[in-house]
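# Coordinates in review
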Amino acid sequence: MTDELAWGRAVALHGRIEQELAKALQRRHGLGLSEYRALGKLAATEKGVLRMQELAEAIGLNQSSVSRMVVRLEDGGMTERDPCENDRRGVYTCITSEGRKRHAETEPTYRAVLAAALDKAGGDPDLAGAVTALRGA
């Protein structure tokens, strides 16, 4: 198998899984996939705080997209912004207790949909090898 074919299958698998996760999280919890991931990254830190740039890098979005997403999370009471004392240009985003609660409520859906979507993709002969490699990693 060529690198291009292998990569194409990985991209197809990624797209299929992301679509199913996004649809389920939005429908069942009113939370976007990037928002869920941001809350997860924040909840996983010791103090529940990341600089906006660190959050952007952690979830694979650009600074502008993360800023808009954090506004939505703030509007929902799930995060708060905090200016950086040492760098006036820097801004931290902090998860709130509501954000931790929403992430905890949403996590079982994420895990179940991810497992089901991978199982389903594993039945596709074009994607079965990618699923096996991913799960074996």
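Residues numbered from 1 in each chain as written. Predicted model: local features only at pLDDT ≥ 70, side-chain atom pairs only at ≥ 80, totals over all residues. Heavy atoms only, no water.

According to the stated counting rule, one finds eight salt bridges in the structure shown. Here Asp-124 and Arg-16 are joined by a salt bridge, their closest N and O atoms 3.2 Å apart. One end of the pair, Asp-124, is in the loop between α5 (97–122) and α6 (128–136); the other, Arg-16, is in helix α1 (residues 3–29), and 108 residues separate them in sequence. On the basis of relative accessibility, which here comes to 30%, the residue Arg-16 falls in the partly exposed class. The salt bridge partner of Arg-37 is Glu-18, with a shortest N-O separation of 2.6 Å. Pair noted here: Arg-37 is in helix α2 (residues 33–44) and Glu-18 is in helix α1, with a separation of 19 residues, a long-range link. (Salt bridge = Lys/Arg side-chain N within 4 Å of Asp/Glu carboxyl O. Helix = DSSP H or I, 4+ residues; strand = E, 2+ residues; numbered from the N terminus. Buried < 20%, exposed > 50% of the residue type's maximum accessible area, 1.4 Å probe, protein only.)

Bringing the packing of aromatic side chains into the picture now. Applying the stated rule across the entire model yields one aromatic pair. On the basis of an interplanar angle of 20° and a centroid distance of 4.6 Å, the ring pair of Tyr-36 and Tyr-110 is categorised as stacked. Residue Tyr-36 is found in helix α2, and its partner Tyr-110 is found in helix α5; the two are separated by 74 residues along the sequence. The ring centre of Tyr-92 lies 5.9 Å from the NZ or CZ of Arg-51, which sits over that ring. (Phe/Tyr/Trp six-rings, centres within 6.5 Å; stacked < 30°, edge-to-face > 60°. Lys NZ or Arg CZ within 6 Å of the ring centre and 35° of its normal.)

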